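Observations on the model geometry
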Amino acid sequence: MPAIAGARQSAQVTTRLGPNLPWTLPIFVLLSLVLVMPFAQAREMGKLFPLITRFFPEADRLGKFEGDPPAAAVAKGGRQLGYVLLTDEVLPIPAYSGKPISTLVGFNLQGTITGVQIVKHEEPILVVGITDQDLTTYINQYTGKSLHDRVKIGGRPRKGYVMVDGITGATITVMVLNRTIIAAAKKVAAARGLIGGAPQGLQQAYERHLAVEFDGPLAEDPVLDPIWAYAWHNKRFEASVLAVALGILSLILVFQDLLVRHRTLMLYVRDGFLLFTLFFIGWHSLAQLSVVNVFTFLHAAMHGFRWDSFLIDPLIFILWGYVAVTLVLWGRGVYCGWLCPFGALQELSYQVARKLRIPSLEFPQLIHERLWAIKYIVFIMLFGISMGSLETAVQYSEIEPFKTTMVLHFQREWWFVAYALGLILVGLFIRKFFCRYLCPLGAALTFPARFHIFDWLRRHRECGRPCQTCATECEVQAIRRDGQINENECHYCMDCQATYWNALKCPPLVERRKRRERAGRLRKASIQAKSAQMTKQEKAKKDSSRARPIATRHANQPPTTG
């Protein structure tokens, strides 16, 4: 009975609350937000206030971030000093990571920037490779700049512009920072009437996250373009050169069967392209691809994909587009063997070591097959870390020496330089050691490459059964003992294809050539024998034809008398 009574009482309570429950929950949530948000905002303001006092040392009061666009007023007593804003709340321009950089900017009532401080970001190049001092030196250049100025990063001085120095290796990130700081501050100042009303066209352009720093008289509206268009405009020469080079590489791949028949020419062409990859793509254009690009793309695909985030680096965009095509057509070896600057550095240094007669080493096949699995383990671990924190994954991706060697030109802490030089030193003895055993990017490219369409690396029936010439000569050990090419490990150097067409080196072709030569010699001997026999017959016929007239003449002469 008590149980029944309890159940009846519970049912009555439920009945009383039931009709009001749809209204109770929203009211409860709304009251929670009303009560919690001020405390959350106060806590956030408490974190920012020490930074704001650096921008305005006299300040003792800070208002709320409010208005359109949102900004907080800074005051001393009853006198207003200026405004502070968070750029990601005013103009959330996506940077290279696909997410905006949250930057705190302060400016006074005269439109002069009083301070800039990065609050939060997920930019890979700012996580590793760029020191805090480099970043501080860069953003401090904006202090004292007027919002009436037009700021330009590096390059040649230009009339009507104020120049700031960029950061080597962080061109795209710095460009986004410059655009965000200046455009967001101008938008807030214009809305508060500090620099005059913003023209309607300019206001709309701000809302589309566009640029404000192209050429044009200061008195007129600036020419507005997307930030990626500005980047492509600045990199149009490098992009054109890269496009031509990729066109040449495409011709090499399409007509490879003709090229490899001329081994000396093929070696000159390959080494020449590797030099271009190292010096132009790597050290000049800083366009070394990284596994970080893969993680950035995956995160962008899962959290609101935007082409703008990838178009802001023209050379990286072009390279990734070409790599995507070659993965489908030929596999991952085209990038690893022809377009990776660090791979080119290893290959060229290995060739120099051979010229200097430095002995080369190779692991036994059993050990080699265990070692090349390491890069797949490294990639899976980095991928798992990136799912939780892209910033942490970028830190651990320093297993790639690409930033040290290509982006920062060895201008880093000594342990990074020692690691990169150590890999290059090992590569003098073991061909492309890092690429074969440690590179997570190479492992990442293997997965889509499994669906490639063409199989243009030719093999004979005798390859591996019993011929082992190519398997023995392949210095990345990408050819199995059964003669099949392991396309997950192949770097598309085409040495095996040069052997495939070489009738003086490839054992099946050598045997066929010898059979043809023996058959040719037999035919020649037969022809010579027939020719000799015909010569004898003709000579005998000629001799008989000469003897017949003489005999006839003697027969017709009258006998002589004594």
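Residues numbered from 1 in each chain as written. Predicted model: local features only at pLDDT ≥ 70, side-chain atom pairs only at ≥ 80, totals over all residues. Heavy atoms only, no water.

1. Re the side chain of Gln288
Tracing the sequence through the fold places Gln288 in the loop between helix H11 (263-284) and helix H12 (291-302). Engagement of the side chain of Gln288 in a polar contact is seen with the side chain of Tyr335, the distance being 3.3 Å. Among the polar contacts made by the side chain of Gln288, one reaches the main-chain amide nitrogen of Phe342 at a distance of 3.1 Å. Excluding its chain neighbours within four sequence positions, the residues that come into contact with Gln288 are Ile281, Asn293, Ile316, Tyr335, Cys340, Pro341, Phe342, Phe402 and Met406. (Helix = DSSP H or I, 4+ residues; strand = E, 2+ residues; numbered from the N terminus. Polar contact = N/O pair within 3.5 Å; in protein donor to acceptor, adjacent residues only side chain to side chain. Contact = heavy atoms within 4.5 Å.)

2. Description of the confidence of the model for the protein chain
Per-residue pLDDT for the protein chain averages 77, and the proportion of residues at 70 or more is 77%. A low-confidence stretch, residues 1-23 (pLDDT under 50), is modelled with 1 contact involving residues beyond four sequence positions or located in other chains. (pLDDT = per-residue confidence, 0-100.)

3. Observations regarding the sheet that holds strand S1 (residues 61-62)
The strand order across the open sheet formed by 5 strands is S1-S2-S3-S4-S5, and the pairing between neighbours is antiparallel. Taken across any chain shown, the strands that pair with only one partner, and hence form the sheet edges, are S1 and strand S5 (113-120). For strand S2 (residues 72-76) and strand S3 (residues 79-86), the ladder comprises 5 bridges, and the chain directions are antiparallel. Following the sheet pairing, Val74 is matched in S3 by Gly82. (Pairing = 2+ DSSP bridges.)

4. A few points about the environment of Asp165
The residue Asp165 is located in the loop between strand S7 (162-164) and helix H6 (171-191) in this model. Residues Asp165 and Ile139, 26 residues apart in the sequence, show an inter-C-alpha distance of 9.8 Å. Those residues in contact with Asp165 that sit more than four places away from it in its chain are Tyr138 and Gln141.

5. A closer look at the environment of Gln80
Of note, Gln80 is situated in strand S3. A C-alpha to C-alpha distance of 9.7 Å links Gln80 and Leu62, two positions 18 residues apart in sequence. Here Tyr83 takes part through its side chain, which lies 3.0 Å from a polar atom of the side chain of Gln80.

6. Focus on the pattern of salt bridges
Throughout the structure, instances matching the rule amount to 6 salt bridges. Ionic pairing is found between Arg431 and Glu347, a salt bridge with its closest N-O pair at 2.6 Å. A residue pair is termed long-range when its members are at least 10 positions apart, and Arg431 in the loop between helix H21 (414-429) and helix H22 (433-437) and Glu347 in helix H16 (residues 341-355) qualify at 84 residues. Take Arg431 and Glu347: they sit in the same class, and that class is buried. Linking Glu362 and Arg436 is a salt bridge whose minimum nitrogen-to-oxygen distance equals 3.2 Å. Separated by 74 residues along the polypeptide, Glu362 in the loop between H16 and helix H17 (365-371) and Arg436 in helix H22 bring together distant segments of the chain. Through salt bridges with shared partners, a single network forms among Glu398, Lys403 and Arg412. (Salt bridge = Lys/Arg side-chain N within 4 Å of Asp/Glu carboxyl O. Buried < 20%, exposed > 50% of the residue type's maximum accessible area, 1.4 Å probe, protein only.)

7. Observations regarding H16
Here H16 is 15 residues long and its end C-alpha atoms lie 21 Å apart, about the 21 Å a rise of 1.5 Å per residue gives. For H16, a buried count of 11 out of 15 residues is recorded, marking the element as mostly surrounded by other parts of the structure. Residues of H16 that are buried include every one of Pro341, Phe342, Gly343, Ala344, Leu345, Gln346, Glu347, Leu348, Ser349, Tyr350 and Ala353, and no others. On its buried face, H16 sits against H11, helix H15 (333-339), helix H20 (402-407), H21 and H22. Of the residues one or two after H16, Arg357 is the one with positive phi, at around 65°. (Expected span 1.5 Å × (residues − 1).)

8. Re the pairing of S2
Summarising the sheet, S1 and S2 pair through 2 bridges and their orientation is antiparallel. Directly across from Leu62, in S2, lies its bridge partner Val74. The loop that links S2 with its antiparallel partner S3 comprises 2 residues; one of these, Gly77, has a positive phi angle of about 65°.

9. A few points about the nonpolar core
By size, the foremost hydrophobic cluster in this structure holds 74 residues, and its most contacted members are Leu249, Tyr335, Trp338, Leu339, Phe342 and Leu441. Apart from the residues lying within four places of it in its own chain, the contact partners of Leu441 are Leu289, Ser290, Val291, Val294, Trp320, Tyr335 and Glu400. Core analysis: the second largest hydrophobic core is formed by 31 residues, Tyr83, Ile113, Ile118 and Leu147 among them. (Core = buried A, V, L, I, M, F, W, Y, C linked by side-chain atoms within 4.5 Å.)

10. A word on the packing of helix H9 (residues 236-254) against H11
Put simply, H9 and H11 touch, their axes get as near as 12 Å, and they point 155° apart. Relative to H11, H9 is oriented roughly antiparallel. Of the two possible hands of crossing, H9 and H11 adopt the one that is left-handed. Contacts between H9 and H11 pair Glu238, Val241, Leu242, Ala245, Leu249 and Ile252 from the former with Val269, Phe273, Phe276, Phe280, Ile281 and His284 from the latter. Partitioned by chemical class, the residues of the contact of H9 with H11 number 10 nonpolar, 1 polar and 1 charged. (Axes fitted to C-alpha atoms, helices over the stretch in contact; angles between N-to-C directions. Parallel < 35°, antiparallel > 145°, perpendicular 65-115°, else oblique. Left-handed = near helix turned anticlockwise from the far one by under 90°. Nonpolar A, V, L, I, M, F, W, Y, C, P; charged D, E, K, R; others polar.)

11. A closer look at the side chain of Thr277
Relative to the helices and strands, Thr277 is located in helix H11. Overall, Thr277 belongs to the buried group, its relative accessible area being 0%. Those residues within four positions of Thr277 in sequence are excluded, and the remaining contacts are Gly282, Trp338, Leu339, Cys340, Pro341 and Ala344.

12. Here we look at the pairing of strand S4 (residues 102-108)
Extensive coverage of S4 is indicated by the burial of 7 of its 7 residues. Here S4 shows no split at all, with Ser102, Leu104, Gly106 and Asn108 on one side and Thr103, Val105 and Phe107 on the other all buried. One ladder, built from 5 bridges, connects S3 with S4; its direction is antiparallel. If you follow Leu85 over to S4, its bridge partner there is Val105. Alignment of S4 against S5, held across 6 bridges, turns out to be antiparallel. Considered in S5, the bridge of Thr103 is made with Ile118. Where S4 folds back on S5, the antiparallel hairpin that results is connected by 4 residues, among which Gly111 adopts a positive phi of roughly 85°.

13. Some words on the packing of H12 against helix H18 (residues 374-388)
H18 packs onto H12 with a crossing angle of 40° between their chain directions and a minimal axis gap of 11 Å. One finds that H12 runs oblique with respect to H18. Every pair of crossing elements has a handedness; the one defined by H12 and H18 is right-handed. Contacts between H12 and H18 involve Val291, Phe295, Leu298, His299 and Met302 from the former and Phe379, Leu382, Phe383, Ser386 and Met387 from the latter. For the contact of H12 with H18, the residue count by class is 8 nonpolar, 2 polar and no charged.

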